[in-house]
Structure formats: C-alpha cells, structure tokens
Amino acid sequence: MNILIIGSGAREHAMAWAVLRNPKVSRIFVAPGNGGTALMGGKVSNVPVKATDVEALLDFASRESVDLTVVGPEQPLELGVVNRFREAGMRVVGPTSDAARLETSKVFAKDFMRRQDIPTAEYRVFRDHAEAKAYLESCPSFPQVIKASGLCAGKGVVVAMSREEALDAIHEFFENRVFGDAADEVVIEGFLQGQEASVFALTDGSRYRLFLPAQDHKRIGEGDTGKNTGGMGAYAPAPLVTPEVMQRVEELVIRPTLAGMAAEGYPYTGFLYVGLMIDAGEPSVVEFNARLGDPETQVVLPLLKSDFVDALLASVDGGLDRVPFEMHGGAGATVVMASKGYPDSSEIGMEIAIDPSVAAIDGVNVFHAGTKLEGSRLLTAGGRVLSVTACAGSLNEALGLAYRGIGGIRFDGAYFRRDIGAKAL
Ligand code: AMP
Ligand code: GLY
C-alpha cells in the first residue's frame, strides 16, 4: 500500500512515523516534507510538490498508485484537495472545502454553532470598520476577542484587554489590511474564562474515534507570556479533560457538530480539532480546526497504541466503529525548538547538530518542522525547527526525557520554553 502525506511540518513527520509502523505499507510519500522526512529513508521519500498545488498532488498520486492520502495542513483543504481527490476516485482523509469552513471561516463556524446550539462565546460579525468601531465604543466590558474570519496562520486573533487595544486591532484589520481579504469579515466575541485544551476526533461523517486530549502552549514566553505562536509544546493526556469533561464535550460539541454538518449538507470527514475553554468542568468552543494540531499531533500519535493506517482506512472505507483505537498508558510531551527571532521573523540556514545519543534515548522521537537536508548537512529552514517528543509512564518522566533529548541538539539561536507541561504537574 502506498500512502501520500501532504504537508511539511512536525505534524506530517509524526504522521509518516506512525504510518511506517504498519507492515502493509510499501511506500510513504511526503509532499513536500522536510529534512526529517528526508532522513527517514527506506520506504519514505519527499516529493517536491507544494502542499497547495492540488493538481500536481493529484497527478502524482495517480502516477504513483497512491492508495491513501492524508492531508496535514488547512490551506489545501480550503483549496478543495479532498473534493478533487474524491472526484478522481481516490481515498483521502480530510474534509471537503465546504466542511473545512469550520476552520477556514470563523463566521461560518460561529453561525453554525449558534444554529446548532453548541456552547461558544457570544459574538457579533462585522464587515465594516465604522460599524465595528461604533460597537466597540459602546461595549460595556473588556477584554473582547477580535478575530479575522479567514485563515491567518494562527495570527488573526487579538485578545484586546482594553477598548484602545480593540480599536487598534480593527484598524489593523480593516484599514491596514494586515491580513488582506482574510479580515474582510471580523468576529468580535466575548472573553471566555477557564483553561484551554484540544480534543481530536477522526470521523467518517457520523461515527468518530477520539485521541487523547492535549494541551498546547501557544505563547512564546515562559509562564504563557508574549506573542502567540503556532505552538511551543504540548502534552497529553491533559488532566483537565477528565472522563466527565470528555463526555460533556462529546455530548455538547462533537455529536451535534457531526450531526449538524450532515443535516446542513456538508458531512464532516477526516480529523476534527476542537479547541476548548473549560471552566468548572463546562466546555465552550474557542475554535474548530479541520485537521490535527501541531504540536499536539507529535504527542497524540505516539500515544496511539493501535494501528493508525487501519483507522485511517476505516474512516474512508467504513467500519470506523469496529477498528481498534487504543491508547498507551502513561503520558507524552513534546517541546518545540524554534529559531532566533520567532515568531516575528526567523533566522534560517543554521546548521543543526543532533548528537547520536538522542536517538538512543528510549521513548524519544525528534520530529522535524523547519529543517532541510542540503547534501549531508541539516539546516534550519523555518520558525519552528524541531519538536522533541517523549512518551513514558508519567508526564514528569516524559518531560524529563524530552528535555534530555533537547540537551543533545544544537543550532545557533535555538530557543525553547523550559516550562512545557509544568501546569499539569
Ligand atoms: P483561535 O485562533 O481562535 O484559537 O484563538 C487563539 C487564541 O486566542 C486561543 O488559543 C485562546 O488562547 C485565545 N482566545 C480565542 N478566543 C477566545 C475567547 N473567546 N476567550 C478567551 N480567549 C480566547
Ligand atoms: N496547535 C495549534 C494548531 O495546530 O492550530
């Protein structure tokens, strides 16, 4: 069986690693992949096709007799990669472009949640600067959360602590057009109290299976300070999501979402990422994503004990409710090593040295993100560079192992948070 994974992050490296464990798999292609997937060798190879070049991806998949395609990031979903692969009779894991609007249009997602009575912050939608301004002028309380509706690589959200900050944000969105068309529509919503967690489901449109709940660390600085990033580390399971909370999430969010999307004519298939705020055991949806999270994938996949490929196939061909979907005991943690300057900019082209002792640490995996292989040299090629993951009997042990792994990796300007998982200990 040949598998194509679309994307180039540590999420896709972790997917390639998980897929490789199935002995029926003969070739794994990663388009475009990174230095880490290039170094896997053997059955795994990178394909020089961009994740957004849908027609070239389809050509490649047909030519190389790909049996199953897994979409990592959101941009190809928005571009309709799943629609195109399905029209061509190919097996693909992900939602259609209409269904992916749960992520690609925050206005769609909020209106959908209102229609389906799914708990989320109250909100208003604005298409005009003056109206948004008038609303903020009259808003009785802050913080308010200002969101560009379209895709902004995780940067289109401002938690405005004051009226002034909120007015600045809408000026940036509507006048300076910092996010271009993605901010033609803006959501202004109430601030949710509580703690965040992410829940991931794999679904065939009605049935679903759940991965372990995870917690991301979005801010660049220790103690959750400074700018938002793509994610600086994660751990799972998140103790905040007790079995009772998970049951509430299934009952109030996951089932109504799948039923509502099907009823409205856009059955939702693939991975559903539910970003939650949990306050006194009650979940509210902060956001939906139409894919697995990064860096959360780097912990939830190594914690999946059963076969990932069998579950993916069952989600496409049927039988998702019958396939094993078991988790390892213990816990997983991943710590992201980033380039100097991230998230504002990133210094790239630095040589990365990974001591051979790192690979020998039991339970540790180094998943690459912004890396590239140039001859035999491994170089930094992006903001988030590596995601060092460990699984062990307890979160404390997993964190110890992940940081031990980091101790054996060097590149100029390397930055990582030293407090990943500390909240859960
Ligand atoms: P999003 O891209 O919608 O997940 O927003 C990015 C981050 O902003 C989230 O992870 C939260 O930390 C924060 N955030 C978004 N919406 C809210 C809200 N309504 N209340 C509090 N924090 C929020
Ligand atoms: N970890 C956040 C995301 O993948 O969007």
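Residues numbered from 1 in each chain as written. Chains lettered and ligands numbered in written order. Predicted model: local features only at pLDDT ≥ 70, side-chain atom pairs only at ≥ 80, totals over all residues. Heavy atoms only, no water.

Caption draft 1: Representation of the site of ligand 1 within the structure. Near ligand 1 there are 15 residues, and of these Glu189, Gly190, Leu192, Glu196 and Glu287 occur at the shortest range. Note that a nitrogen atom of ligand 1 is positioned 2.7 Å from one of the side-chain N or O atoms of Glu189. One nitrogen or oxygen atom from the side chain of Glu196 is found 2.5 Å from an oxygen atom belonging to ligand 1. Summarising the interface, the protein chains cover 92% of the accessible area of ligand 1, which totals 470 Å² for the free molecule. Listed by contribution, the elements that provide at least two residues to the shell around ligand 1 are β7 (144–148), β8 (157–160), β9 (186–190) and β17 (282–289). (Near = heavy atom within 4 Å. Polar contact = N/O pair within 3.5 Å; in protein donor to acceptor, adjacent residues only side chain to side chain. Areas by Shrake-Rupley, 256 points an atom, 1.4 Å probe, with all protein chains shown as cover. Helix = DSSP H or I, 4+ residues; strand = E, 2+ residues; numbered from the N terminus.)

Caption draft 2: Spotlight on the sheet that holds strand β23 (residues 384–392). Across the sheet, which stays open at both edges, the 5 strands sit in the order β12-β15-β18-β23-β20 with antiparallel pairing between neighbours. Bordering the open sheet on either side are β12 (215–216) and β20 (364–368), each of which pairs with just one other strand. Packing of helix α1 (residues 10–20) onto the sheet brings it into contact with β20 and β23, and relative to β20 it is tilted by some 130 degrees. Taken strand by strand, helix α14 (residues 395–407) contacts β15 (233–236), β18 (331–338), β20 and β23, and its axis lies near 30 degrees from that of β18. (Pairing = 2+ DSSP bridges. Contact = heavy atoms within 4.5 Å. Axes fitted to C-alpha atoms, helices over the stretch in contact; angles between N-to-C directions.)

Caption draft 3: Representation of the nonpolar core. Within the largest apolar cluster, 77 residues are counted, with the highest numbers of intra-cluster contacts made by Leu4, Val81, Phe85, Leu102 and Phe288. Per-element tally for this core: the top contributor is helix α10 (residues 243–263), with 7 residues. Contacts of Phe85, omitting those with residues within four sequence positions, involve Leu4, Val54, Leu57, Leu58, Ala61, Thr69, Met90 and Val92. If you look at the next biggest cluster of nonpolar residues, it comprises 37 residues, including Ala18, Val300, Val309 and Leu320. (Core = buried A, V, L, I, M, F, W, Y, C linked by side-chain atoms within 4.5 Å. Buried < 20%, exposed > 50% of the residue type's maximum accessible area, 1.4 Å probe, protein only.)

Caption draft 4: Summary view of the environment of Val249. Along the chain, the position of Val249 falls in helix α10. The class for Val249 is buried, based on a relative accessible area of 0%. The sequence separation of Val249 and Thr380 amounts to 131 residues, and the corresponding C-alpha distance is 39 Å. Not counting residues up to four positions away in its chain, the partners in contact with Val249 are Val199, Ile254, Leu276 and Pro283.

Caption draft 5: Main features of the packing of helix α7 (residues 106–116) against α10. Taken N-terminus to C-terminus, the directions of α7 and α10 make an angle of 100 degrees; their axes are 10 Å apart at the nearest point. Between α7 and α10, the interaxial angle falls into the category roughly perpendicular. Contacts from Phe108, Phe112 and Gln116 of α7 reach α10 at Pro256, Thr257, Gly260 and Met261. Residues belonging to the contact of α7 with α10 are distributed by class as follows: 4 nonpolar, 3 polar and no charged. (Parallel < 35°, antiparallel > 145°, perpendicular 65-115°, else oblique. Nonpolar A, V, L, I, M, F, W, Y, C, P; charged D, E, K, R; others polar.)

Caption draft 6: Fine view of the pattern of salt bridges. Evaluated as defined, the whole model comprises 28 salt bridges. Close ionic contact of Lys147 with Glu189 constitutes a salt bridge, the shortest N to O distance being 3.1 Å. One end of the pair, Lys147, is in strand β7; the other, Glu189, is in strand β9, and 42 residues separate them in sequence. With respect to class, Lys147 is no different from Glu189; both count as buried. The shortest N-O distance in the salt bridge between Arg248 and Glu251 comes to 3.3 Å. Within this pair, Arg248 and its partner Glu251 are both found in helix α10, separated by 3 residues, close to a single helical turn. Its relative accessible area of 41% is what places Glu251 among the partly exposed residues. Overlapping salt bridges, with partners in common, bring together Asp224, Arg417, Asp419 and Lys423 in one network. (Salt bridge = Lys/Arg side-chain N within 4 Å of Asp/Glu carboxyl O.)

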